[in-house]
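In case you want the letters, here they are:
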Number of protein chains: 2
Amino acid sequence: MKYNQYGRINVGQADQIKELIALKFLPAEYETLEFSDLLGLLFGKLFPEQKTIGAKRQTLSAIAADETQSIFALIEQHVTEITQNNFYNVALQLLGYHAGYDYDLGNPLALFKEHNLPFLQANKINQENIFNAYYLLLSTRAKNGQLLIDHLAAKGYFVPWFKAEKPQFVYFNGKILPVFDTTKIIREVIYVESDLDTDHDGQKDLLQATIFRPQETEQNLRVPILYTANPYWGGTNDVDDHLHSVDENLTEIKENPVYRQPAPNLKEKSVPSTENAVPEETATRNGIYSLNEYFLARGFANVYAGGIGTYGSDGVRLCGSVEETICAKEIIEWLTGNRIAYTTRERTTQTKAWWSNGNVAMTGKSYLGTLATAVATTGVKGLKTVISEAAISSWYDYYREHGLVIAPVLCQGEDTDILAELCQSNFQQSADYLRNKPYFDKVMQALVAGQDRTTGQYNDFWAARNYRHNVKNIKCSFISVHGLNDWNVKPKNVYKLWHELQNLPIKHKLFLHQGPHTYMNNLQSIDFTDMINLWLAHELLGVKNGALIQWPDVLVQDNLQADTWHSEQTWSNNLGQATTYHLNNNQQLAKNQDAASIHSFEDVGGKQFHEMNISETEWEKQFLGGTKSWLDAQLRFMSEPLDFPVTLVGRPKVHLRVSSSLKKGQLSVALIELGRRSRLSAVPQVVDLNGQELGYHFGTESLKEFQPAHPTDFKLIAKGHQNIQNYANQRIARSVTPGEFYDLEFELQPTYYTLPKDTQLALVVYSTDQGMTKRPQESTTYTVDLAQSSITVYQK
Amino acid sequence: MKYNQYGRINVGQADQIKELIALKFLPAEYETLEFSDLLGLLFGKLFPEQKTIGAKRQTLSAIAADETQSIFALIEQHVTEITQNNFYNVALQLLGYHAGYDYDLGNPLALFKEHNLPFLQANKINQENIFNAYYLLLSTRAKNGQLLIDHLAAKGYFVPWFKAEKPQFVYFNGKILPVFDTTKIIREVIYVESDLDTDHDGQKDLLQATIFRPQETEQNLRVPILYTANPYWGGTNDVDDHLHSVDENLTEIKENPVYRQPAPNLKEKSVPSTENAVPEETATRNGIYSLNEYFLARGFANVYAGGIGTYGSDGVRLCGSVEETICAKEIIEWLTGNRIAYTTRERTTQTKAWWSNGNVAMTGKSYLGTLATAVATTGVKGLKTVISEAAISSWYDYYREHGLVIAPVLCQGEDTDILAELCQSNFQQSADYLRNKPYFDKVMQALVAGQDRTTGQYNDFWAARNYRHNVKNIKCSFISVHGLNDWNVKPKNVYKLWHELQNLPIKHKLFLHQGPHTYMNNLQSIDFTDMINLWLAHELLGVKNGALIQWPDVLVQDNLQADTWHSEQTWSNNLGQATTYHLNNNQQLAKNQDAASIHSFEDVGGKQFHEMNISETEWEKQFLGGTKSWLDAQLRFMSEPLDFPVTLVGRPKVHLRVSSSLKKGQLSVALIELGRRSRLSAVPQVVDLNGQELGYHFGTESLKEFQPAHPTDFKLIAKGHQNIQNYANQRIARSVTPGEFYDLEFELQPTYYTLPKDTQLALVVYSTDQGMTKRPQESTTYTVDLAQSSITVYQK
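These numbers come from a predicted model, not from an experiment.

1. Points about the pairing of strand β16 (residues 508–513) of chain A
Residue and element names in this part refer to chain A.
Okay, step 1: With respect to burial, β16 is a largely interior element, six of its six residues being buried.
Okay, step 2: Residues His508, Leu510 and Leu512 line one face of β16 and the alternating positions Lys509, Phe511 and His513 line the opposite face, and both faces are buried.
Okay, step 3: In the classification by handedness, the crossover that spans strand β15 (residues 477–483), the intervening helix α16 (residues 492–501) and the parallel β16 is right-handed.
Okay, step 4: Inspection of the sheet shows β16 paired to strand β17 (residues 554–557) by three bridges, in the parallel sense. Within β17, the position partnered with Phe511 by the bridge is Leu555.
Okay, step 5: Handedness of the crossover is the feature at issue here: the chain leaves β16, passes through helix α17 (residues 528–541), returns alongside β17, and the resulting connection is left-handed.

2. Things to note about the UniProt feature "domain: Xaa-Pro dipeptidyl-peptidase C-terminal" (unreviewed entry) in chain A
Okay, step 1: Residues annotated by UniProt as "domain: Xaa-Pro dipeptidyl-peptidase C-terminal" (unreviewed entry) correspond here to residues 533–792 of chain A.
Okay, step 2: Summarising residues 533–792 of chain A: 10% helix, 45% strand, and an end-to-end C-alpha distance of 41 Å.

3. Overview of the environment of Tyr467(B)
All names here are of chain B.
Okay, step 1: In this fold, Tyr467 is placed in the loop between α15 (460–463) and β15 (477–483).
Okay, step 2: Given a relative accessible area of 4%, Tyr467 falls into the buried group.
Okay, step 3: Excluding its chain neighbours within four sequence positions, the residues that come into contact with Tyr467 are Gly320, Thr325, Thr370, Ala374, Thr377, Ile392, Ser393 and Trp395.
Okay, step 4: Among the polar contacts made by the side chain of Tyr467, one reaches the main-chain carbonyl oxygen of Gly320 at a distance of 3.5 Å.

4. Details of unusual backbone geometry
Residues and elements named next belong to chain B.
Okay, step 1: Even without being a glycine, Arg347 presents a positive backbone phi close to 60°.
Okay, step 2: Relative to the helices and strands, Arg347 is located in the loop between β10 (341–342) and β11 (356–365).
Okay, step 3: On the basis of relative accessible area, Arg347 is assigned to the buried category, the value being 19%.
Okay, step 4: Within the chain, Leu410 stands out as a residue other than glycine whose phi angle is a positive 60°.
Okay, step 5: As for its placement among the helices and strands, Leu410 is situated in the loop between β14 (404–405) and α13 (416–423).
Okay, step 6: Since its relative accessible area comes to 61%, Leu410 is described here as exposed.

5. Thoughts on the interface of chain B and chain A
Okay, step 1: Tallying the contact residues gives 59 residues for chain B and 59 residues for chain A.
Okay, step 2: Counting the surface lost from both chain B and chain A, the interface buries some 4900 Å², and carbon and sulfur atoms represent 50% of this.
Okay, step 3: On the chain B side of the contact with chain A, Gln58(B), Tyr101(B) and Glu280(B) bury the most area, a combined 14% of that side's loss.
Okay, step 4: Summed over the shared surface of chain B and chain A, the result is two salt bridges.
Okay, step 5: With a shortest N-O distance of 2.8 Å, Arg57(B) and Glu346(A) are connected by a salt bridge.
Okay, step 6: Where chain B meets chain A, there are 34 residue pairs in polar contact (both at pLDDT 80 or more).

6. Here we look at the UniProt feature "domain: X-Prolyl dipeptidyl aminopeptidase PepX N-terminal" (unreviewed entry) in chain A
Okay, step 1: Using the residue numbers shown here, the UniProt feature "domain: X-Prolyl dipeptidyl aminopeptidase PepX N-terminal" (unreviewed entry) corresponds to residues 1–157 of chain A.
Okay, step 2: Secondary structure over residues 1–157 of chain A splits into 45% helix and 4% strand, and the C-alpha atoms at its two ends are 29 Å apart.

7. A short note on the confidence of the model for chain A
Okay, step 1: Across chain A, pLDDT averages 97, with 100% of residues at or above 70.
Okay, step 2: This prediction of the complex comes with two scores: 0.96 for pTM and 0.94 for ipTM.

8. Examining helix α5 (residues 84–94) of chain B
Okay, step 1: Among the 11 residues in α5(B), 10 count as buried, and that is most of the element.
Okay, step 2: Remark: Gly96(B) follows α5(B) within two positions and exhibits a positive phi of approximately 100°.

9. Focus: the domain arrangement of chain A
You'll often see interface size given as the accessible area lost when the parts meet.
Residue and element names in this part refer to chain A.
Okay, step 1: The domains assigned to chain A are domain 1 (13–173), domain 2 (182–248 + 261–517) and domain 3 (573–795).
Okay, step 2: Look at where the C-alpha atoms of domain 1 and domain 2 centre, and you get two points 44 Å apart.
Okay, step 3: On the domain 2 side, the residues contacting the seven residues of domain 1 number nine residues.
Okay, step 4: A buried area of about 620 Å², summed over both sides, lies between domain 1 and domain 2, and 58% of it is on carbon and sulfur atoms.
Okay, step 5: Considering only the side of domain 1, the residues that lose the most area to domain 2 are Asp150, Pro167 and Phe169, jointly responsible for 73% of the buried surface there.
Okay, step 6: There are one salt bridge connecting domain 1 and domain 2.
Okay, step 7: We note a salt bridge from Asp150 to Arg298, for which the minimum N-O separation is 2.8 Å.
Okay, step 8: Across the side of domain 1 that touches domain 2, the residue classes break down as four nonpolar, one polar and two charged.

Definitions and cut-offs
- In every chain, residue numbers begin from 1 and rise along the written sequence.
- Chains and ligands are labelled by the order in which they are written, letters from A for the one and numbers from 1 for the other.
- Under the rules for a predicted model, residues below a pLDDT of 70 receive no local features and side-chain atom pairs below 80 are neither given nor counted, while totals for whole chains, interfaces and linings still include all residues.
- Each side-chain value is derived from all of the structure's non-hydrogen atoms; neither hydrogens nor water enter the calculation.
- Between buried and exposed lies partly exposed: a residue is buried under 20% and exposed over 50% of the maximum accessible area for its type, with that area taken using a 1.4 Å probe on protein chains only.
- Per the convention used, a helix needs a DSSP run of H or I reaching at least four residues, while a strand needs a run of E reaching at least two, with both numbered from the N terminus.
- Viewed with both strands pointing away, a crossover whose connecting path from the first strand over the helix to the second turns clockwise is right-handed.
- Strand pairing follows a simple DSSP-based rule, namely that at least 2 bridges must link the two strands.
- UniProt positions are given in the numbering used here, feature names are shortened, and annotations may be inferred rather than shown by experiment.
- Working rule for contacts: check all heavy atoms of both residues, and any pair within 4.5 Å makes them a contact.
- For this analysis, a polar contact is any N or O atom pair within 3.5 Å, provided that within protein one partner can donate a hydrogen and the other can accept it, and provided that sequence-adjacent residues contribute only side-chain to side-chain pairs.
- Summed over both partners, the accessible area (1.4 Å probe) lost when two parts come together is defined as the buried area.
- One speaks of a salt bridge when a side-chain nitrogen belonging to Lys or Arg is within 4 Å of a carboxyl oxygen belonging to Asp or Glu.
- pLDDT is a per-residue confidence score from the predictor, ranging from 0 to 100.
- The domain limits used here are those given by an automatic or database domain assignment.
- Residues were grouped as follows: Ala, Val, Leu, Ile, Met, Phe, Trp, Tyr, Cys and Pro as nonpolar; Asp, Glu, Lys and Arg as charged; and all remaining residues, including Gly, as polar.

As structure tokens, this is what we get:
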């Protein structure tokens, strides 16, 4: 178990003492104190819940400094120094560890080393170095993953600050502290006027925004904002019955339909008046992201807005469109004084974000992170940084691939129209529903036409939903987070964006974790929250803490060793060396090519899958795992067991010479690691349920980490899908003749994956992917010319 | 989907109006108002978050009363009545439903009927009946499962009450409302003096107790208490490496060892002084049970205490012992003024529970519920009722069965000593650890001797841990909750207790849900929380609301139909008729006996299981599902497919004539329903994540319910295990001769299970249960004389 830490900065001794005095750990006249008094004072401070000297004495008496005596016994003896072991025995208990279980009182440093925790190199702790040791301890991660100083905050250490006459941001080790009274947070709802009229009712759309801000803003504190554009904020409609059927045959594409993306319906921007009324509506919804809440306790306002078409807002959802980008951006314009907002939808009274310091960060995962990326590409003033997690960078890469309709995992039948309807939460106000539904239905028809599930081809509809076209406009710093096993928003979304961002003069950081479509702010193995604290203090509050160069540009979580992160300069094929494996006879995947022949498999579409009535997850487990009943529908190629571990980086590329028995066809390939062994769990496991406190009595988060699990037979590394009609051009479908061979070349999802010694690299070639592709009603025979087929991977 | 409701009481019209006026929904002079003004007023009240008339107008304008107009439009027209559909269209939106998705504006009542929601039978809603309709609506369950009035509370409706000069409990429909300011809850830690000296240090043990109480107690409010005796409250020790190995051969029992349970080490009780100091320690831990938190918002104090040996307390854990019962009871004595407590462990200053109204309820699940049961059997004064969920009633029924060591599911190797160590959280204070560890180790040796994993026999150690011996002392009312699929605390714990409680003059209610070892307060299909609210208002606050007879004594959740609950008078074999199935040749389970012969199977202990390196869960799925590789280690008997559904109730009983190839043996049987079909999910699925609000900005709970899941091949109905050496007497082991036949007769766990038409009832006879029994290192052949073997079930 390792508590890796990247967010702790080095601070000189003088500044350490200055900070300790400012935070009242040390009295100003600390130099006049005896060492033992200092010891009692400093350790006593760590128990703010003990309100009297007697209660503190009782507590310090229960903490062993070594095998024979408590720390209080040492204090009573008026010692002038204590041993390093004395200090760290006490420290470990403060950090939440248990003597006799987690550590041995004879050797506390063993645990510090094992858990990668920092400690002071000194045989004795005395008047000279106690400040360093204490400062370091406060900035050490406790067993619950949070800094000890945050644990103190949760116990009420900073309650006296809540009553400050002149509230201000307070820092420790370059990071912002929770010194604001979360029981008094002000919750407001206001209505920003958009320039858009997406429902074409002649009125500019109003955009509801929800604001959580510290009560201290009423005492002249001006605060930065964490803004999450969240289309789910207002709730969702139940669209389960509206999903597209995927149980249909592929269409033979005879010509690529053309789609013209209409321009947004924009009106002239209103000029703000001087009016600044008090909002008339109290927010009743709760924040949804623990990272945002953590910063709310630290004085940041949190702003959530659903955007056009969502609850309390006008307009219609236009999933992934420029209109969605515009309306998400307009909230920032109001936050920075450049746009008007009203107190109600009656549009009578204007209100201002007078409490804002003008600096905004956007956060969010999935669609929310997507909109953060989208807004960044507008270059809007005031947006200083973006933390974009598991975000779509092009909607074609979310719902399509290489000329095929390809669903995100467990989202079969979903598409832009379905997601639009799901998020059209202003329907929940029934009178709005009655008024908006007819026009909404028209818009949905346009989305259905544009998204074109018939051909699956790239067109202007998708081009308008590719944020990468506008990357050059990005002016803010940018943090990307993505799971290497995210089969919802697949990793090529972040991979391609990363490569575009490399060309810009902005600071860009990338985190690649081992999760699927999950947040990473609660992982045990990395102090993500602290890193973001450092980052936001720098970007939004101007603190000179070196955040931008504090950690490597790319941090990648290891897939074999728990709690291990790799530093990289980039993420690309160039990290490795191209290695080509040939598809040989006898199911061999080999660097040398044999006299391979031609092999066929018969795809039966969704037939067998429906007959078995199993889940998509179970299907993938059986199909890729090589269960006998599925072998007829695939070709499998396996390498020899590896002599040494191999790390694959970047995007594997396959070359398949293939024919179809029909005038159409879909090819799928999966690259897997074969071999029964214990692997890390697919999702992070709870290490400490609700063990992290976001502030003082203010919500919790659970510490989690990937942990070794029961043995499995294989692990998916990367997948790819290809429409056979796009053999010559990924954007133009051509006719194919049944039985004729075509050369398909396409890249799989990007990866960063280590295969351990003795496992096998395997490639599965198939057609219907029950969880992602359409499931034809007809059978198709695919024939692969192995001699002309191969896969190229990049090995590190 | 059904929102069944048992906790709504009938209130006469005059009282309804009185309540509506008291809660400020109606002005005192309501009779002078026009109907349309009343309508605007009443519906406007349901949006406390809208702070101005303009904002309320905006909101009511967005709610359709029918397909053409909003409710506000009707109000503006000065209507003198509205249609039933008008009212319930608005009502559904208030309850969280979506027009066009969940319901049709032309027929709102269809949803009321489908969801089992109450509505007023009246064509028109007018001045005469609007109060009834409105009152009923406030006490209707919203889509999130909570009452509409609780949803209003979450939106701040009762915030004005927070400032009451003379705080008091406020009721609606017989239930307590959240009118207390949860941001100001007082959190204290005190130390109750026990009469016990379990660590034999010559000093009476101090018991730490954590108190959460409304700030309003400082303004003379005296409050009832929800007390949870929670041995995990102070944290747990990591005992994973200390588990007993179950990979060992059975022991041939030559004589039953005798164990003498020592008497508790009790000292004289101290007499309270008049001193009543303010506590010196603030509580830093958080409540763990959403039901408790819900009542905290409603003015109940919550008290948590870990008991002897836990963090902050003296003493040692004696898992399941009378000492644990005593110390849990002593907290109540302090709460009712009959015991002293100190402000610190220094024992210098006494403090009293002056804020208590003297009425206590105990709550909790598993070990926590167990201690609630245990304390009830002391008859302690002040304990008015118990809500005991998934509780152990005899520790032998938790860790043993019929002469065998039988683990709770996923707890192989655990036993009383392990659980004791797990909960010995005063070890977390390292100086306490050093001081206590040597004596603790001695106590553990005594537990190991007493629990006797060698023979598995019942002895005085277990007799002392059988709370059913003291049932006659119970004086309080009693609510039992248990999952019919709880393989941790197995259902016979509650079944046997129920039968004992029947003989007492107390009110006892039983809930049997379809979950495993889970709470049920957040289920969609039943208003458990509201029922408990009614119950506690009656039992602890003396409200005459008819709670004790409001719902049937036994409520059982159906295993086939989601959202369905059955009413019963009791739970016993007598609900059904005894039906005997014979074990015939050709794997037949039949009511007629054929000329059945002798069949053998070979048990290989843990060998194959370990070789396969699979989880216990996966083993059970394969083994009971009839996977080929496991068939040699079992005998299977299957009925013909059922012609009609059959409900099994009570405890099936098997009779097996069996011989072992060794002088020892363990027999397991599992009764299963065979047949591939969609069944309800094993655990309740999240319907609305964090959708329930426990108060005003005060924690959330997720609405959950069992839902149809992907098909599975079988479902476990009941299991049982039997030591062959106990063939003649479950408490005395006898010698057995290899190859000789013995008649075993034993009951399985109790059940209430309906097998649908076309499925098969099946009995699996085997030996090693990888998840529960020891896993011998040697092979054993068991031979069953089918002609002399049968199973008797009770069919309803």
